[in-house]
Amino acid sequence: MKLGIVGLPNVGKSTLFNSLTKAGAESANYPFCTIDPNVGIVSVPDERLNVLKDLYQSQRVLPATIEFVDIAGLVKGASKGEGLGNQFLSNIREVDAIIHVVRCFEDGNIIHVDGSVDPARDIETINLELIFSDLEILERRIAKTTKTAKADKSAEKELAMLNRLKDFMEKGRLAKDFETEDEEEEEYLGEYNLLTSKPVIYAANVNEDDLADEGVNNEYVNRVREISQKENSEVFVICAQIEQEIAELDDEERKMFLEDLGLKESGLEKLIKASYKILGLMSYLTAGPQEIRAWTIKIGTKAPQAAGKIHSDFERGFIRAEIVNYDYLVECGSFNAAKDKGLVRSEGKEYVVQDGDVILFRFNV
């Protein structure tokens, strides 16, 4: 999974990136501190893996991972060259979802590029810059498809859709709200990789005082939630500064620190839950003395395709999957003990994998 971080300058983007990835990206109180994109890869916390490691006495644990890409802050007029322009948006065109960091706190010591805190205005500013960037992509595609359509009439359908989509987005609307007429148009839209067609997770960055109650009494956070609800996006509340402090602690200290703050989970854990939810993802597990591993797949994936995540040969030569529920496995103490109790199932090609399934694939190629 790959997530891109966007937002205005000085909203806490790079501080959040630092805390999530411990990558030490530069973060300072002036616009355009981040020039080159920062990239960091983070392991997805999953306590089940450590339990299975002890159970199997495994040599190593391989959790699922998330790649974060942090780009320079965008300002109004970026598409026309203001600030650093939108030259860095190409760095997040390949991401699965966008994390939009929104400032939801007052602090006279931290400059806001527009002079005041206003989440609705800030969200609109970023959305417009993403739209302008997408329109550049569409204009290039229209020029190319217009030439193709002169020699190949089958391209006329795509050209008509491109022009409809361009007209739609020029009204300030997002590509994900565009209604395609059939599956073919849906495929076209997917090919363009438009930023405004990607799922969005809003990170409402608050001060420490608003963290424990999830910003319930913070009017800025509530405004972000209203916008998110209309867009079918996700929201999580975070204090980027606190997250950076948490990132410096070991597991035991982190747990105590969170408890002192009245928090059940870190910002990274909140973000991962929001990411998995909005992208429709889940994890199945494989276990053995060599390694314990989590594999991220789409909800609804059938057994052969899940096996294909490990290796294409597993999918091609799929015979069956031997599956035990994680809780049953831990309760029984071993795969064989679970099998003796009839808790290991043999499933075929139509089986839909469930979150927390511990799977042994049988295949032959």
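Look up a bit, the structure's there.
Values in this document were obtained by computation on a predicted structure and should not be read as measured data. (Residues numbered from 1 in each chain as written. Predicted model: local features only at pLDDT ≥ 70, side-chain atom pairs only at ≥ 80, totals over all residues. Heavy atoms only, no water.)

*Asks:* Please explain the overall build of the protein as it appears in this structure.
*Replies:* Counting secondary structure elements, the protein contains 13 helices and 12 strands. Among the 365 residues that make up the protein, the fraction classed as buried is 50%. At a minimum sequence separation of 6, the contacts of the protein that also span at least 24 residues come to 69%. Each charge class in the protein can be summarised by its mean position, and for the 44 positive and 66 negative side chains these summaries are 6 Å apart. (Helix = DSSP H or I, 4+ residues; strand = E, 2+ residues; numbered from the N terminus. Buried < 20%, exposed > 50% of the residue type's maximum accessible area, 1.4 Å probe, protein only. Contact = heavy atoms within 4.5 Å. Lys, Arg positive; Asp, Glu negative; His and termini not counted. Charge placed at Lys NZ, Arg CZ, Asp CG, Glu CD.)

*Asks:* Sorry if this is basic, but what is going on with the pattern of salt bridges here?
*Replies:* Opposite charge on two side chains lets them pair, provided their charged atoms get close. Tallied over the full model, the rule gives 25 salt bridges. In this structure, Arg 60 engages Glu 291 in a salt bridge whose closest nitrogen and oxygen atoms are separated by 2.8 Å. Residue Arg 60 is found in strand β3 (residues 60–62), and its partner Glu 291 is found in strand β9 (residues 291–298); the two are separated by 231 residues along the sequence. Residue class for Arg 60 comes out partly exposed when judged on its relative accessible area of 46%. In this structure, the salt-bridge partner of Arg 121 is Asp 122, at a minimum N-O distance of 3.0 Å. For Arg 121, a relative accessible area of 23% translates into the label partly exposed. The exposure class of Asp 122 is buried, given its relative accessible area of 3%. Beyond isolated ion pairs, a larger network of salt bridges with shared partners links Arg 320, Glu 322, Lys 339 and Arg 362. (Salt bridge = Lys/Arg side-chain N within 4 Å of Asp/Glu carboxyl O.)

*Asks:* Can you help me understand the nonpolar core in this one?
*Replies:* Considering soluble globular proteins, one finds that nonpolar side chains tend to be buried as a cluster. Formed by 72 residues in total, the largest nonpolar core has its most connected members in Leu 52, Phe 68, Ile 92, Ile 99 and Cys 104. Among residues more than four places away in sequence, those in contact with Phe 68 are Leu 3, Ile 5, Phe 17, Leu 20, Thr 21, Asn 38, Val 39, Gly 40, Val 42, Ile 99, Leu 268 and Leu 271. Core analysis: the next-biggest nonpolar cluster, separate from the first, contains 20 residues, Leu 159, Met 161, Phe 168 and Leu 189 among them. (Core = buried A, V, L, I, M, F, W, Y, C linked by side-chain atoms within 4.5 Å.)

*Asks:* What am I meant to see in the pairing of strand β2 (residues 38–43) here?
*Replies:* A regular strand places its side chains so that they alternate between the two faces of the sheet. Judged by which residues are buried, β2 turns out to be one-sided: Asn 38, Gly 40 and Val 42 face inward and are buried, whereas Val 39, Ile 41 and Ser 43, on the alternate face, are not. The pairing of β2 with strand β4 (residues 65–70) spans 6 bridges and is classified as antiparallel. Bridge assignment links Gly 40 to a residue of β4, and that residue is Phe 68. (Pairing = 2+ DSSP bridges.)

*Asks:* Please clarify how the packing of helix α3 (residues 119–151) against helix α6 (residues 219–231) should be interpreted in this entry.
*Replies:* When two helices pack together, you describe them by how their axes are tilted relative to each other and by the distance separating the axes. Here α3 crosses α6 at 45°, and the two axes come no closer than 9 Å. By the criterion of interaxial angle, the relationship of α3 to α6 is oblique. Taking contact as the criterion, the partners of Pro 119, Ala 120, Ile 123 and Asn 127 in α3 are, on α6, Tyr 220, Arg 223, Val 224, Ile 227 and Glu 231. Tallied by class, the residues present in the contact of α3 with α6 amount to 6 nonpolar, 1 polar and 2 charged. (Axes fitted to C-alpha atoms, helices over the stretch in contact; angles between N-to-C directions. Parallel < 35°, antiparallel > 145°, perpendicular 65-115°, else oblique. Nonpolar A, V, L, I, M, F, W, Y, C, P; charged D, E, K, R; others polar.)

*Asks:* Before we go on, may I ask you to explain the packing of helix α1 (residues 13–21) against helix α7 (residues 240–247) in this structure?
*Replies:* In the contact formed by α1 and α7, the axes pass within 8 Å of each other and the chain directions differ by 25°. With respect to α7, the axis of α1 lies roughly parallel. Handedness of the α1/α7 crossing: left-handed. Packed against α1, whose contacting residues are Thr 15, Leu 16, Asn 18 and Ser 19, the element α7 presents Ala 240, Gln 241, Glu 243, Gln 244 and Ala 247 at the interface. Taken together, the residues of the contact of α1 with α7 break down into 3 nonpolar, 5 polar and 1 charged. (Left-handed = near helix turned anticlockwise from the far one by under 90°.)

*Asks:* When you look at the pairing of strand β1 (residues 2–6) in this model, what are you seeing that I'm missing?
*Replies:* With respect to burial, β1 is a largely interior element, 4 of its 5 residues being buried. Across 4 bridges, the pairing between β1 and β4 is parallel. For Ile 5, the partnering residue across the bridge sits in β4 and is Asp 70. Where β1 meets strand β5 (residues 97–103), 4 bridges bridge the pair, whose relative direction is parallel. Paired with Gly 4 across the strands is Ile 98, a residue of β5.

*Asks:* Whenever I open this one, the sheet that holds strand β7 (residues 234–238) confuses me. Can you help?
*Replies:* Across a sheet, strands are paired by hydrogen bonds formed along the backbone, either parallel or antiparallel in direction. Read from one edge to the other, the open sheet built from 6 strands follows the order β2-β4-β1-β5-β6-β7, with strand pairing classed as mixed. Strands with a single pairing partner mark the edges of an open sheet, and in this sheet they are β2 and β7. For this sheet, the mean inter-axis angle between neighbouring strands, taken without regard to orientation, is 25°. Sheet analysis places strand β6 (residues 200–205) next to β7, joined by 5 bridges and oriented parallel. Bridge assignment links Ala 203 to a residue of β7, and that residue is Phe 236. Docked against the sheet, helix α9 (residues 267–279) engages β1, β2, β4, β5, β6 and β7, running at close to 180° with respect to β7.

*Asks:* In this structure, what is going on with the side chain of His 100? I would like to understand it.
*Replies:* Mapped onto the elements, His 100 comes out in strand β5. Dropping the residues within four chain positions of it, His 100 is found in contact with Val 6, Gly 7, Asp 122, Ile 123, Ile 126, Val 200, Ile 201, Tyr 202 and Ala 203.

*Asks:* Sorry if this is basic, but what is going on with unusual backbone geometry here?
*Replies:* As a rule of thumb, non-glycine residues mostly have phi less than zero, and peptide bonds are mostly trans rather than cis. The residue Asn 10 is not glycine, and still its phi comes out positive at about 65°. Among the structural elements, Asn 10 can be located in the loop between β1 and α1. A relative accessible area of 13% means that Asn 10 is categorised as buried. In the Ramachandran plot, Gln 57 falls in the positive-phi region, its phi being about 55° despite a non-glycine side chain. Assignment of secondary structure puts Gln 57 in the loop between α2 (47–56) and β3. Note on Gln 57: relative accessible area 64%, which makes it exposed.

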